[in-house]
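Inside the fold
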Amino acid sequence: MIRKCLFPAAGYGTRFLPATKAMPKEMLPIVNKPLIQYAVEEARDAGLQQMAIVTGRGKRALEDHFDISFELEHQIRGTDKEKFLAGTRELIDTCSFSYTRQVEMKGLGHAILSGRSLIGDEPFAVVLADDLCLNLEGDGVLAQMLKLYAQYRCSIVAIQEVPREQTQKYGVIAGEQIREGLYRVDSMVEKPLPEEAPSNLAIIGRYILTPDIFDLIADTEPGKGGEIQITDALMKQARNGCVLAYKFKGRRFDCGSAKGYVEATNFCFEHLHQSDL
Ligand code: G1P
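Model, not experiment: these values are computed from the prediction.

A few words on the state of the cysteines. Under the counting rule described, the total for this entry stands at 0 disulfides. Considering cysteine sulfurs only, cysteine 255 is the nearest to cysteine 133, which forms no disulfide, with 9.2 Å between them. On the accessibility criterion, cysteine 133 (6% relative accessible area) is buried. Distance from the sulfur of cysteine 154, which forms no disulfide, to the nearest cysteine sulfur (cysteine 242) is 3.9 Å.

Let's shift gears to the packing of aromatic side chains. Applying the stated rule across the entire model yields 4 aromatic pairs. A ring pair is formed by phenylalanine 16 and tyrosine 261, whose centres lie 5.3 Å apart and whose planes are at 65°; its orientation type is edge-to-face. Of this pair, phenylalanine 16 sits in the loop between β1 (4-8) and β2 (29-30) while tyrosine 261 sits in helix α10 (residues 258-271), and the two are 245 residues apart along the sequence. Of the two residues, phenylalanine 16 and tyrosine 261, both sit in the buried class.

This part takes up the UniProt feature "domain: Nucleotidyl transferase" (unreviewed entry) in the protein chain. Mapped onto this structure's residue numbering, the UniProt feature "domain: Nucleotidyl transferase" (unreviewed entry) falls at residues 9-267. In residues 9-267, the share of helix is 34% and the share of strand is 26%. The end C-alpha atoms are 24 Å apart.

Residues in close proximity to the ligand include Leu108, Leu128, Asp131, Tyr170, Gly171, Glu190, Lys191, Ile203, Gly205, Tyr207, Gln229 and Thr231, which together make up its full environment. The contact in question runs from an oxygen atom of the ligand to an N or O atom on the side chain of glutamate 190, over 2.7 Å. In the complex, the protein chains occlude 76% of the 380 Å² of accessible area that the ligand would expose alone. The pocket occupied by the ligand, as judged from atoms lying within 2 Å of grid points, is the largest pocket.

Scoring rules and cut-offs
- Residues numbered from 1 in each chain as written.
- Predicted model: local features only at pLDDT ≥ 70, side-chain atom pairs only at ≥ 80, totals over all residues.
- Heavy atoms only, no water.
- Disulfide = S-S within 2.5 Å.
- Buried < 20%, exposed > 50% of the residue type's maximum accessible area, 1.4 Å probe, protein only.
- Phe/Tyr/Trp six-rings, centres within 6.5 Å; stacked < 30°, edge-to-face > 60°.
- Helix = DSSP H or I, 4+ residues; strand = E, 2+ residues; numbered from the N terminus.
- UniProt positions renumbered as here; feature names shortened; annotations may be inferred.
- Near = heavy atom within 4 Å.
- Polar contact = N/O pair within 3.5 Å; in protein donor to acceptor, adjacent residues only side chain to side chain.
- Areas by Shrake-Rupley, 256 points an atom, 1.4 Å probe, with all protein chains shown as cover.
- 1 Å grid on protein atoms, 1.4 Å probe; cavity = no way out; pocket = protein on both sides within 12 Å on 5 of 7 lines; lining within 4 Å.
- Sits in = over half its atoms within 2 Å of the grid points.

Structure representation (structure tokens):
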């Protein structure tokens, strides 16, 4: 079964400058918790315990976040502030964290390939922390996808319907619907113009990947934007065998944009955090 989750987190976060000048974008807080922690919690809640984070220059704060802060914890021991660190501490105690650096920014496919030594030869999940996905009604998105993987044993991407005019921001799929909300992918294009998009079903930052994806990425030429695209490698996998696309249950916030970030903050303040603040 799947044990590992990869978090590509080397990107510069240029859309959030100047906030991200000296701080990783994955450390931006939604209310009082950084995006990367929401992502790790989603993976942990799906039963994954080995977190593999692809970092880059200027990302040290990510490693420090998932480590003990001895002085700080000593300071607040026995006070009513202790509860604020309890969730982070629980992750540190129950999950393992390993890191590797992506030394050049050559796209999401390249970032995932950079994580190969942390993953090895087994299927794994991928979470992009700036796509914050929440499901108040039940399982998180990754847990939903893992259930499907147990049944189908192939790569799976999360999808969502988006307005046609936004297809240029996403990988877009088309395929045959094999059951309610589940498609067998037969075409997949990275950031197509609306008139060239095969549908309005956009890939969201959650993937389950079988390990043959690594060789496929290694063989993939730079595509859209001159970057090595996971979408192109997945398209090869779809041609050779099977890739599924799953319309997940829950809400997704694009926290790489100011609008999505503010919406996520309001949503979390209203629904998740009252008891912690
Ligand atoms: C990446 C992928 C794209 C996907 C998106 C989801 O793009 O390349 O296919 O739709 O994540 O957030 P990025 O947003 O990193 O440009």
